[in-house]
Every structure is written in structure tokens, then in C-alpha cells.
There are 2 protein chains.
Amino acid sequence: MSTRRATISDVAREAGVSPSTASVVFSGKTPVTDATRAKVLHAAERLGYAGPDPRAASLRRGRSGIVAVVFEEHLGAAFLDPVKTLMMDGLTDGVAPLGAGLLLLRDHDPSGAGPSLTNAPIDAAVLIGCSGMLRESLAAVSARGIPVVVIEGDAGDGVPRITLDNRDAQRQAASHVKSLGHRRVVLLTLPTRARRPRGWLADDETIEIDVTRDRSLGARDIFPDAPAYAAEASSMDEGFLAAREILSVPAPRRPTAIIAQSDLLAAGAVRAAEDLGIRVPAELSVTGFDGVAVDGLAPHELTTLVQPAVEKGRAAGRVVAAMLEGRPPPVVTFTCEFREGNTTAEPPRG
Amino acid sequence: MSTRRATISDVAREAGVSPSTASVVFSGKTPVTDATRAKVLHAAERLGYAGPDPRAASLRRGRSGIVAVVFEEHLGAAFLDPVKTLMMDGLTDGVAPLGAGLLLLRDHDPSGAGPSLTNAPIDAAVLIGCSGMLRESLAAVSARGIPVVVIEGDAGDGVPRITLDNRDAQRQAASHVKSLGHRRVVLLTLPTRARRPRGWLADDETIEIDVTRDRSLGARDIFPDAPAYAAEASSMDEGFLAAREILSVPAPRRPTAIIAQSDLLAAGAVRAAEDLGIRVPAELSVTGFDGVAVDGLAPHELTTLVQPAVEKGRAAGRVVAAMLEGRPPPVVTFTCEFREGNTTAEPPRG
DNA sequence: TTGTATGCGTTATCAC
DNA sequence: GTGATAACGCATACAA
């Protein structure tokens, strides 16, 4: 009973073939006689050999079959966002052709103990958003020649990106609202920067997060003077709290429409309105953004912009594949599709 | 301009030291003179060396720093469940002391192309639930001596598990409901098996999923004859649809309490009741399970069983660590805490 | 179709 | 504190 685990050479010896033959039996990269295959497989079974060690194989191949997904936030927070969840699904599909899996990484691991972009055996990295903390690891990663792609963010230099026509799309929704006749409109935005408490935006406040900025610009293209209220996160509860404040003014001055930057925020706004006895859409129109199925909003159906979240993930996978094969990464830009639900209507007369 | 990437030996040569010294500079495992460290670091910089190759390191060390998390379902579906999300958070923490990260794996990859338990360079695996498809890979994995732990499931043999006192806990909630005076009670259960359409359970129907079975048993300990309706998934919308059917009987025969097996289902039931003009808790009591913050249920607060979801994840990390160090895996069983909210009350008189 | 030889890039161990 | 040596386990180019 040797204490050592069997290796492929042991199997080869036991089977009476050369190591390379045994290797080929497992990898299937070269035709092998049925007889030899059987010999090798039997030998493996006798020795309790469970197949080639992935660690050794990845050193030899120069590929680990692992793609890192880097989140800006706490993982729990990331998965609360249905768009990210869908993107992950797409990404899973997108890297499958590479035979790769996804390694979850936090942007700036607080513990410092965990794995990082710099010391994990990854073939490529996908960044979801791109905050400042990341820049340094990014340098190390590209120094190592590891492909990087960014979804919804800007990593500077020549890092390929998957982007969305946020500004155009939001402008489209705003136009719709305007064409219905609304004049008193409020923007309910995503966070403008990390850890900003919820509240009204000052006129000169800079918006650090790309998505928030672009969607705000789109809305302001149509309603240049609309006040904006930033939520602390993208969730129904945040939307609920924000809208309650937005709507807590006498009816004549109360906004007749809220342009929210995510479906979750919009859904929260709808519930807040109901809670205050304000009917949607008769007295208040609400638009969302994302086009995700919001759990618990039935029977309302948001007027929103449907973004191809799953496709974004898949595209990231394709970009990674291209770079890994030395092909130039394709430029990928997706567009949103406007979808009219039953949360928008003409403003009340008066 | 060599086409080859610099290795640690190149750096060592350039710095005029031995490879082992250079290695030590990067790993920090042994004291090094400041002078030599500087020499090595400079050499590395000159050569554009970005640190040791993790693939080679993991072969040499026999550790990749990666722990697989295996889900039964599509990732998107998994993360719709707040309990799983919380567990992932805990797991992230739990494996951090190992310096490990999490690799997402689907139970039965439909494409067949993706990575699997058998060919990914992992140090350990955590199974969330444990469906049948998995058993074979499981064999291969344990043959390789890779530690495996199961959360909320049974992988047979000697695979350590992290479990919850589902039956006891559910019995506690049911007792509470009974002590309030309820007699017409309906169980709103989680799926009984994969892809079962929503609907009433037949008396003799077998429940394949452990969690569902255990919680049902707990409720039946108190209400042996309560009818049960199984949802298709754990979501508010499912709860909404299910409850609408459950409640669609004339008031005298209508249940006065619904014992739901998840907070999401319970929340959906509360909304369905509201939608039907049935007041909660005055006319209908609802209990949940999980104790997660349900986004969008305010101002209701569920009477529920709080389970330590994050702790379950952390515990899995600890179990893995123990096994990796050759220690016997601790047996981990968590208990839920009953929490009374404002969704339960005495049944209406009549 | 099979075997031979080599190196993938590191780091643990031990001596110095 | 530093250096020599020897694996780690495999897959491929090439020859047979």
C-alpha cells in the first residue's frame, strides 16, 4: 500500500505501455487501439487512478480552464442584482466553448487572504464594472499577458469592453414620457458613487459610475432640468424609500412621472405610490431599465428598456476566446429595446 | 526581444542570485536581505516579470487555491434564492483562510464542454444540495482524495454534511400556528422534485428533495392532515400564484393559515391575499422559512424561522479546511430560530 | 499506432 | 540568508 497517489506513468507501467500512450488514452487526442485503451483503463482502475491531475495538465498546457469574474462589491450584493445574475448565466455559456469555468473574485478583497487576480491560475479575467481599486492588479494581469475584458465599465488603455447604449436608450424612454405629456419628471438614479447615502443630487455633483452617468445624460437630453434623486443601491426597497420621499409633496407640485434607472428601483417606486394611494399609471407614470422579470410586482408590468443581459455575458465569453486565440477582440456594443408596459400613461389633467 | 515570457530563473540570473532565492523573495516564506530583495525586484521589473506563474506553483505545491461550488441548477436560478446567495457569502469567507476562491460549476453541464469536477484544478468541492447526476463525478473526485462537503443534501457514504434542523424548526412554527387556534391550515411547499409543475400534492406522493420532505414532516407533526400545495420554485411570484389557488375557495372553507416553506413563497402568499382582499394577519396567517430580508414586502414582517445561511457557508469552509489538513471533518448541524413577525394572529372568529 | 525524450515554471529540502 | 538539487505530473514533438 504505497502512500503515494498513482500517476499516469504508474498506470502506463502497469498496463505495459508507454506514458505517452496512456496520456493519449485519457485525452483522446490521438487514435488508440481499443485493445490498448482497455489495457490502460483497466490498469488505471486497478491502481485507483482517477485521471490526469488537472494541475499538472494546466502547467503543461499553459491553460487552466479558469476565467475570473471580478465584482466590485460583496458577492452577495452582486447576486441581488438580477442583471448581474443573468450576465453570469451568459458568461457561463460564453466560456463553456473554452472548456472554462468561472472563478469568483472580489475586487478588493478586504481580508487580503483570498485569491486575487495576481495569484490565481486563470486564463482570462472578466471585470464587471471597473472601480479604482482594481487598476493595479489589472496592470499585473496584463503584464502577464492574460486577456481582460470589461463589461459596463472603463478600464482605460486598450482593454476591450462590452457596452450598452445606455444614453440613447434612456433618452428613448424619456421621450416616450415626454410625448405622453409629462412635464414634472424626477429621475430616480442608481448610486452615483460607492457608499453615497440616498438623496437628491446637487446640480454640480459629479457622477463617478459610468452607467449612472450615461443614463442620467440620456434622461437629461429630454428633461434638462428634471431633479434627480440617487438611490443607495438597486433594489425594490431602495426604490420604495426613494419614491416615498420623492412623492411626499402636495399633489400639485408632485411629479407625474419617475424615470428610474433600474427595474428594481422602478418596482419599488410603484409600490411606494400604491402605498401612498397614488395610482399607477393614472396619477404617476414610472419607467424602469433592464427588462428583467421583477419578482413580486405582478400585476404591473413595467414600461422599461430591455437590455440583453445574458447576451452581454455570452459576448464577454466570445471576446475572451478571441483573445486567447490571438485574434483581435471584437468590439461589442449592445442596444436596448424599449418596451411599453402598463406603468406609463398620460399625466392626470389639471 | 525574446518571444518567451521571463521565468523566475531568468529573473534570478539577471539579479545574480539563485532561483530559490528569487522564489523566496516572491513568496516571503523565508527572511531575505533587503539588498537581495531589491536586486531581485529590480531584475523582475527590467524583465517584465509579473510574479510566479500560479499554474506552476500549484503543481509544485499540490494546491490550486480553488474550491468548486456545485449547483444543481442553472446559476441564474440559484442566485434568485436569497438563501443561496447568503451561503455563497459565507462560503467566500469560509474558504478565504485557505487562500482559496470559488469556482462555479453546474451539476450536469449540458454542453459537456465546460469544466467539471473531474477536470478542474480544485482543492475541494462544496455541493449545494446533491442530485443524482452528480454521483459519478463524486466518485471520481473522492477517488482523487479531494475533500467534498454537502450543504443541505445527502451524498451518501461518508461525505460530510452541513445540515439544518428543518423538521424541528418547521414543527415549531406549526405549533405556534396551532396555539393561535388555527385548524384549517395549508402547507405551501418547495418543489418536491425537479420540474414538477405547481399543484396540490397527492397523499401518496413521494418527496425527493430532502429540504422539502423534512419541512413537510415537521408541519405534519402538528397538522397531520393539512393539505399541501407544492410550488414550482421558491419565488414570490410562485407564492403568489400558489396562494391564489389555495385561497380561491369560499370563505368558510378557506384556510386561515398558510405554512410556507420559504420566505419568498410566504411573501408571495401575503401579496396574493392582499390582492384578493384578504387581510393578513386578521383573516389569514402566513409563516415563512429562512429569515431572509424579502425585498418588496414592507411593511409586513414575516413570522418565520431564521436560519443561519451565512454561517452554513462559513461552516462549509471550515469543514473543507479541516479535511485539507487531514483532520476529521466536524459534524455541523445548525438550528433555526423562530421569529414572530406580524403575519400571524388568531384566526377570525366564526 | 506507439514509444522516447524533454521541459512546462515552480518551490521544498537540505546543506552551507 | 543563500544556493544546489530534485521533484511536482503531465503532454507534446518527433522518431520509430
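Note that this is a predicted model, so its numbers are computed, not measured.

Here we take up the relation of the copies chain A and chain B. Between chain A and chain B, which share one sequence, the superposing operator has a rotation angle of 179 degrees and an axial displacement of 0.1 Å; the RMSD is 0.1 Å. Taken together, the rotation and translation relating the two chain copies correspond to the operation of a two-fold axis. Measuring from the rotation axis to each C-alpha of chain A, the shortest distance belongs to Leu 103 of chain A, at 2.2 Å. A symmetric contact is evident, with 95% of the interface residues of chain A recurring at the interface of chain B.

This next bit is on the domain arrangement of chain A. Residue and element names in this part refer to chain A. The domain boundaries assigned to chain A delineate domain 1 (8-49), domain 2 (63-164 + 309-336) and domain 3 (166-307). Inter-centroid distance (C-alpha atoms) of domain 2 to domain 3 is 29 Å. In this assembly, twelve residues from domain 2 lie in contact with twelve residues from domain 3. Summed over both sides, the interface of domain 2 with domain 3 buries roughly 950 Å², with 57% coming from carbon and sulfur. Of all residues in domain 2, Val 83, Leu 164 and Cys 336 give up the largest surface area on contact with domain 3, accounting jointly for 50% of the area buried on that side. In this assembly, domain 2 and domain 3 are joined by zero salt bridges. Along the contact surface separating domain 2 from domain 3 lie four residue pairs in polar contact (both at pLDDT 80 or more). Contributing elements (two or more residues each) for the side of domain 2 that touches domain 3: α6 (82-95) and α12 (309-324). Per-element accounting of the side of domain 2 that touches domain 3 gives the leading share, three residues, to α6. For the side of domain 2 that touches domain 3, a count of residues per class yields seven nonpolar, two polar and three charged.

The next point concerns unusual backbone geometry. All names here are of chain A. Cis geometry is found at the peptide bond from Val 280 to Pro 281, where omega equals 5 degrees. Looking at the element boundaries, Pro 281 is found in the loop between α11 (263-275) and β10 (285-287). Its identity as a non-glycine residue notwithstanding, Arg 195 has a phi of 60 degrees, on the positive side. Checked against the element boundaries, Arg 195 lands in the loop between β6 (185-189) and β7 (199-200). Using a relative accessible area of 80% as the deciding quantity, one classes Arg 195 as exposed.

Taken residue by residue, the interface counts 56 residues in chain A and 53 residues in chain B. When the two sides are added together, the surface that chain A and chain B hide from each other amounts to roughly 4,500 Å², 57% of it contributed by carbon and sulfur. The largest per-residue losses of area from chain A upon contact with chain B belong to Arg 55, Arg 144 and Asp 295 of chain A, which jointly make up 15% of the total buried on that side. Across the chain A-chain B interface, the total number found is 13 residue pairs in polar contact (both at pLDDT 80 or more). Residue composition of the side of chain A that touches chain B, grouped by class: 26 nonpolar, 18 polar and twelve charged.

In this section: the sheet that holds strand β8 (residues 228-230) of chain A. Residue and element names in this part refer to chain A. Spatially, β7-β8-β6-β9-β10 is the arrangement adopted by the five strands of the open sheet, whose pairing is mixed. With one partner strand each, in any of the chains shown, β7 and β10 form the two edges of the open sheet. Where strand β9 (residues 257-260) meets β10, three bridges bridge the pair, whose relative direction is parallel. By the bridge assignment, Ala 257 is partnered in β10 with Ser 285. In the packing of helix α9 (residues 210-222) onto the sheet, the strands contacted are β6 and β8, and the crossing angle to β6 comes to about 170 degrees. Along the sheet, helix α10 (residues 236-246) makes contact with β6, β7, β8 and β9, crossing β6 at roughly 155 degrees.

As a structural note, the neighbourhood of DNA strand D is formed by 22 residues, with Ile 8, Tyr 49 and Arg 60 of chain A together with Thr 21 and Thr 33 of chain B the closest of them. Near-protein atoms of DNA strand D (within 4 Å) split between backbone and bases, with sugar and phosphate holding 66%. The separation between a base nitrogen of DNA strand D and a polar side-chain atom of Arg 60 of chain A is 2.4 Å. Within the residue set of the surface near DNA strand D, elements represented by two or more residues are α2 (19-27) and α4 (54-61) of chain A together with α2 (19-27) and α4 (54-61) of chain B. When residues of the surface near DNA strand D are assigned to their parent elements, the largest contribution, three residues, is made by α4 of chain A. A class-by-class count of the residues in the surface near DNA strand D yields nine nonpolar, nine polar and four charged.

Strand order in this open sheet of twelve strands is β12(A)-β5(A)-β4(A)-β3(A)-β1(A)-β2(A)-β2(B)-β1(B)-β3(B)-β4(B)-β5(B)-β12(B), and the pairing throughout is mixed. With partners counted over all chains shown, the strands left at the sheet margins are β12 (332-334) of chain A together with β12 (332-334) of chain B, one partner each. Strand-to-strand twist across the sheet, computed as the mean angle between neighbouring axes with direction ignored, equals 20 degrees. With six bridges connecting them, strand β1 (residues 66-71) of chain B and strand β2 (residues 101-106) of chain B associate as parallel partners. Paired with Val 69 of chain B across the two strands is Leu 104 of chain B, which belongs to β2 of chain B.

Each value, and the rule that gives it
Residues numbered from 1 in each chain as written. Chains lettered and ligands numbered in written order. Predicted model: local features only at pLDDT ≥ 70, side-chain atom pairs only at ≥ 80, totals over all residues. Heavy atoms only, no water. Least-squares fit on C-alpha atoms with pLDDT ≥ 70 in both. Contact = heavy atoms within 4.5 Å. Domains from an automatic or database assignment. Buried area = accessible area lost by both parts, 1.4 Å probe. Salt bridge = Lys/Arg side-chain N within 4 Å of Asp/Glu carboxyl O. Polar contact = N/O pair within 3.5 Å; in protein donor to acceptor, adjacent residues only side chain to side chain. Helix = DSSP H or I, 4+ residues; strand = E, 2+ residues; numbered from the N terminus. Nonpolar A, V, L, I, M, F, W, Y, C, P; charged D, E, K, R; others polar. Buried < 20%, exposed > 50% of the residue type's maximum accessible area, 1.4 Å probe, protein only. Pairing = 2+ DSSP bridges. Axes fitted to C-alpha atoms, helices over the stretch in contact; angles between N-to-C directions. Near = heavy atom within 4 Å.

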